[in-house]
Amino acid sequence: QVELVESGGGLVQTGGSLTLSCTKSGRTFSTYAMGWFRQATGKEREFVATISYNGGSTRYQDSVKDRFTISRDNDKVYLQMNSLKPEDTAVYYCAARPTTVRTLGVTAEWYTYWGQGTQVTVSS
C-alpha cells in the first residue's frame, strides 16, 4: 500500500511564496514518477508539474513555468511556488505512478496513487 501526504499549504498574499511537500510511505519511492495537480472550486483538476522517477526530467504547466519548481529527495517531493497569483488558489494534490522509465505524466488518469490534498489560498 502506498500513501501520499501533502503539507505546506496555507494563505499567502499575491507575490508571496509557499513550498508544498509530499511524503510517500509504503513501497520504495525511487521507482515512482511524481506529479502535482490542483483543483480550484468549480473547476476540473489540472496538471501543474511532474518529475521523473530519477529526478532527471521535469515538466510544467505553461502558467506556472518560471514560477514553480518541482524537486524530489528520497521519500519526498516538493513544489516550490514563487510569485503566487490569486488564480493559483486551489487544492493541490500529489500523485504517484510506479515506473522505471523517464515518462512524464501530465494527465490525472496516468497516475496510480493520490494524496488528500492541501489548500493554497492566494489573496489579492
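Calculation rules
Residues numbered from 1 in each chain as written. Predicted model: local features only at pLDDT ≥ 70, side-chain atom pairs only at ≥ 80, totals over all residues. Heavy atoms only, no water. Pairing = 2+ DSSP bridges. Helix = DSSP H or I, 4+ residues; strand = E, 2+ residues; numbered from the N terminus. Axes fitted to C-alpha atoms, helices over the stretch in contact; angles between N-to-C directions. Phe/Tyr/Trp six-rings, centres within 6.5 Å; stacked < 30°, edge-to-face > 60°. Buried < 20%, exposed > 50% of the residue type's maximum accessible area, 1.4 Å probe, protein only. Lys NZ or Arg CZ within 6 Å of the ring centre and 35° of its normal. Core = buried A, V, L, I, M, F, W, Y, C linked by side-chain atoms within 4.5 Å.

Draft legend 1. Inspection of the sheet that holds strand 1 (residues 3–7) at higher detail. With antiparallel pairing, four strands are arranged side by side in an open sheet as 1-3-8-7. At either margin of the open sheet sits one strand with a lone partner, and together these are strand 1 and strand 7 (68–73). The mean inter-strand angle of the sheet, taken between neighbouring strand axes irrespective of direction, is 15°. Taken together, the six bridges between strand 3 (residues 18–25) and strand 8 (residues 76–81) define a ladder with antiparallel strand orientation. Considered in strand 8, the bridge of Ser21 is made with Tyr78.

Draft legend 2. Layout of the packing of aromatic side chains. Overall, the coordinates contain six aromatic pairs when judged by the stated rule. Geometrically, the ring pair formed by Phe37 and Phe47 is edge-to-face, given 5.8 Å between the ring centres and 70° between the ring planes. With Phe37 in strand 4 (residues 32–39) and Phe47 in strand 5 (residues 46–51), this residue pair connects regions lying 10 residues apart in the sequence. Taking the relative accessible area as the measure of exposure, Phe47 reaches 12% and is therefore buried. The structure contains a cluster of three or more aromatic residues connected by ring pairs, namely Phe37, Phe47, Trp110, Tyr111 and Trp114. If you follow Arg45 out to its NZ or CZ, it ends over the ring of Tyr93, 3.8 Å from the centre. For the cation-ring pair, Arg45 lies above Trp114, with the distance from its terminal atom to the ring centre recorded as 4.8 Å.

Draft legend 3. Local environment of the nonpolar core. With 26 residues, the main nonpolar core has Met34, Trp36, Leu79, Met81 and Tyr92 as its most contacted residues. Counting only elements with at least two residues in this core, the list comes to strand 3, strand 4, strand 5, strand 7, strand 8, strand 9 (90–98) and strand 11 (118–123). When residues of this core are assigned to their parent elements, the largest contribution, four residues, is made by strand 9. Residues Ala33, Phe47, Ala95 and Tyr111 belong to the second largest nonpolar core, which totals six residues.

Draft legend 4. Examining the pairing of strand 5 more closely. Burial within strand 5 is extensive, with five of its six residues counted as buried. Here strand 4 pairs with strand 5 via five bridges, running antiparallel. Of the residues in strand 5, the one forming a bridge with Trp36 is Ala49. Linkage of strand 4 to strand 5, two consecutive antiparallel strands, is achieved through a turn of six residues, within which Gly42 is found at a positive phi near 80°. Bridging between strand 5 and strand 6 (residues 58–60) involves three bridges; their strand directions are antiparallel. Counterpart to Ile51 in the pairing with strand 6 is Thr58.

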